[in-house]
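Examination of the molecular architecture
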Amino acid sequence: MRHFRHILILLLTVTLTACVSTSSRPAAQPDKAPPPVYQNRSPTAPPRADNAQAQTNPALVREIEQLWRTFPGKTGIAVKRIDGEWEFGYRSDEYFPQQSVSKLWVAMTLLDKIDQGRASLSDPIRIGKEDLTVFHQPMAVEVEREGSVVKSVYTLLEMALASSDNTANDALLRHAGGQDAVRSFIAKNFLGKIRFGPGERLLQSGIAGMEWKQSLSYRRTFYAARAEIPVEQRRQSLNAYLADPVDGASPLAIARALDKLARGELLSDNSTKLLQSILKRTHSGPNRLKAGVPAGWGFLHKTGTGQVLGSIATGYNDIGIMTAPDGTRYAVVVMLGDTTASIPERMRLMQSVARAVGRHHPR
């Protein structure tokens, strides 16, 4: 009996030892760890181990998020390191009114046509009173005085981009082949969520709830006629536009387009340099992004400004490329769909975004 108990104890000890050994064995590991997740990274841009900026600076992300979160209204922000591996933003994939930002796509479409040998910078374009548009059009004074003027494509590019002249832009649009030509350029270059509207006259009259007549283009006739439109009718038209802007674009799509432009992927080398040189001379929006760019940095940009109804301002934008002294480039896009913030507050937001990018640039 005692012999039997010894055998039973021995068997139990062996069994318990085997159980403990099995339960303490480490769990099986996968063959490979899952790949790291990069914020808003395009699937076509895999991370490179030799890139010190493979991930967005968390401090920069936090600062931009705080600016975005505390600003009143619908705000879209996108930041992308050109020649790098990262991009991020807030409401960056939604459509925002572009307003005059869309002049950039007109210029690119025409320069692409020039690159193909189907147009020239020296082409003369006649502009008469029947070609005048609305709002900002400095050349209207000359046209009304002379009856008509003839400008080269190069001169009109300078006026449309650097001075944001609406009549100059519409003249370039006609020479480029119209709205369909611009939309085709956007599509063939896979620029994504960027729309192009019907041109300045139809766009602005539609936003105001008005039917376009050429007489509205003379001096302040548009403003006087708009003042006669019932406020509720104007509000309905404006709200419809903001809900689904016919000239809408997402901040991220614009940032990626600026990236392609900077890399020379959209135009010839000569056209790329020409366009960038004009954008460096932009007169509009000196107190938007530009005022926040650090000393010693390069900057080129295009602004856009929409209509105002009561306390609501719409389509207040600035997009640009910041270049650090070491050559590092950043595409920066700030778009305000609608806001009740004052003009100085809007400017401070944009300046703060630019300053944040500069402050967190690695040195």
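Before any of the text, the structure's been laid out above.
Rules and cut-offs
- Residues numbered from 1 in each chain as written.
- Predicted model: local features only at pLDDT ≥ 70, side-chain atom pairs only at ≥ 80, totals over all residues.
- Heavy atoms only, no water.
- Helix = DSSP H or I, 4+ residues; strand = E, 2+ residues; numbered from the N terminus.
- Buried < 20%, exposed > 50% of the residue type's maximum accessible area, 1.4 Å probe, protein only.
- Contact = heavy atoms within 4.5 Å.
- Areas by Shrake-Rupley, 256 points an atom, 1.4 Å probe, with all protein chains shown as cover.
- Pairing = 2+ DSSP bridges.
- Polar contact = N/O pair within 3.5 Å; in protein donor to acceptor, adjacent residues only side chain to side chain.
- 1 Å grid on protein atoms, 1.4 Å probe; cavity = no way out; pocket = protein on both sides within 12 Å on 5 of 7 lines; lining within 4 Å.
- Points joined across faces, edges and corners; volume = space filled by probe spheres on them.
- Nonpolar A, V, L, I, M, F, W, Y, C, P; charged D, E, K, R; others polar.
- Phe/Tyr/Trp six-rings, centres within 6.5 Å; stacked < 30°, edge-to-face > 60°.
- Expected span 1.5 Å × (residues − 1).
- Arc of directions from axis to C-beta.
- Salt bridge = Lys/Arg side-chain N within 4 Å of Asp/Glu carboxyl O.

**Some details on the overall build of the protein**
A tally of helices and strands in the protein yields 13 helices and ten strands. Classification of the 363 residues of the protein by burial places 51% in the buried group. Counting contacts in the protein only where the partners sit at least 6 residues apart, residues at least 24 apart contribute 71% of the total. Taken as a whole, the protein presents about 17500 Å² of accessible surface, with 55% of it coming from carbon and sulfur.

**Topic: the pairing of strand β7 (residues 298–304)**
The buried fraction of β7 amounts to six of the seven residues, a majority that puts the element mostly inside the structure. In the sheet, β7 pairs with strand β9 (residues 312–323) via seven bridges, with the strands oriented antiparallel. Within β9, the residue paired with Gly-304 across the bridge is Asn-317.

**Considering helix α6 (residues 166–176)**
Residues three or four positions apart in an α-helix share a direction because the helix packs 3.6 residues into each turn. A large share of α6 lies buried, amounting to nine of its eleven residues. All of the buried residues along α6 are Asn-166, Thr-167, Ala-168, Asn-169, Asp-170, Ala-171, Leu-172, Leu-173 and Ala-176. Looking at the buried residues of α6, the elements they touch are α3 (103–115), β4 (124–128), α5 (153–162), α7 (179–188) and α8 (200–207). Two to three positions downstream of the cap, the backbone nitrogen of Thr-167 sits 2.9 Å from a side-chain oxygen, assigning the N-cap of α6 to Asp-165. One or two positions beyond α6, positive phi appears at Gly-177, with a value near 120 degrees.

**Let's talk about the layout of surface pockets**
Take a probe with the size of a water molecule and roll it over the atoms, and the empty space left behind shows itself. For the second largest pocket, the calculated volume is near 360 Å³. Looking at the second largest pocket, it is lined by 22 residues, and the ones nearest its centre are Ser-100, Phe-135, His-136, Asn-166 and Thr-305. Contributions of two or more residues to the lining of the second largest pocket are made by α8, α9 (221–227) and β7. Looking at the lining of the second largest pocket, the element that brings in the most residues is β7, giving three residues. Looking at the lining of the second largest pocket, its residues break down into three nonpolar, 14 polar and five charged.

**Some details on the environment of Ile-321**
Within the secondary structure layout, Ile-321 lies in strand β9. Not counting the four nearest positions on each side in its chain, Ile-321 is found in contact with Ile-82, Leu-258, Ala-262, Gly-298, Phe-299, Leu-300, Arg-329 and Tyr-330.

**Overview of the packing of aromatic side chains**
This model, assessed by the stated rule, comprises eight aromatic pairs. Judged by centre distance (6.0 Å) and plane angle (40 degrees), the ring pair of Trp-86 and Tyr-330 falls under tilted. On the criterion of sequence distance, the pair formed by Trp-86 in the loop between β1 (74–82) and β2 (87–90) and Tyr-330 in strand β10 (residues 329–339) is long-range, its members being 244 residues apart. The pair formed by Trp-86 and Tyr-330 is uniform in burial state, with each residue classed as buried. Following the ring pairs from residue to residue traces out a cluster consisting of Trp-68, Trp-86, Phe-88, Tyr-90, Trp-297 and Tyr-330.

**Some remarks on empty space enclosed by the protein**
In the structure shown here, the tally under the stated rule is three cavities of 30 Å³ or more. Here the largest cavity defines a volume of roughly 90 Å³. If you go around the largest cavity, the residues you meet are Ser-102, Lys-103, Asn-169, Asp-170, Leu-173, Phe-196, Gly-197, Pro-198, Gly-199, Glu-200, Leu-203 and Asp-247. Among the elements of the structure, α6 and α8 are those that each provide at least two residues to the lining of the largest cavity. The biggest single contributor to the lining of the largest cavity is α6, with three residues. Looking at the lining of the largest cavity residue by residue, the class counts come to four nonpolar, four polar and four charged.

**Some remarks on helix α10 (residues 231–243)**
Its 13 residues give α10 an end-to-end C-alpha distance of 18 Å, which sits within 8% of 18 Å, the value for a rise of 1.5 Å per residue. Restricting attention to buried positions, one finds in α10 the residues Arg-234, Ser-237, Leu-238, Tyr-241 and Leu-242. Looking straight down α10, one finds that the buried residues subtend no more than 135 degrees of arc, so they occupy a single side. Away from the buried face of α10 by more than 90 degrees, exposed residues Gln-236 and Ala-243 are located. Where α10 is buried, its residues touch β3 (96–97), α8, α9, β8 (308–309), β9 and β10.

**A word on the pattern of salt bridges**
Using the criterion set out here, one finds 20 salt bridges in the structure. In this structure, the salt-bridge partner of Arg-263 is Asp-259, at a minimum N-O distance of 2.9 Å. With Arg-263 and Asp-259 both in helix α11 (residues 251–263) and four residues apart, the pair spans about one turn of that helix. Using a relative accessible area of 36% as the deciding quantity, one classes Arg-263 as partly exposed.

**Focus: the pairing of β2**
Alternating residues of β2 divide into Glu-87 and Gly-89 and Phe-88 and Tyr-90, and every residue in both groups is buried. Linkage of β1 to β2, two consecutive antiparallel strands, is achieved through a turn of four residues, within which Asp-83 is found at a positive phi near 70 degrees.

**Some details on unusual backbone geometry**
Unlike most non-glycine residues, Gln-99 shows phi in positive territory, near 55 degrees. In this structure, Gln-99 sits in the loop between β3 and α3. By relative accessible area, Gln-99 is classed as buried at 4%.

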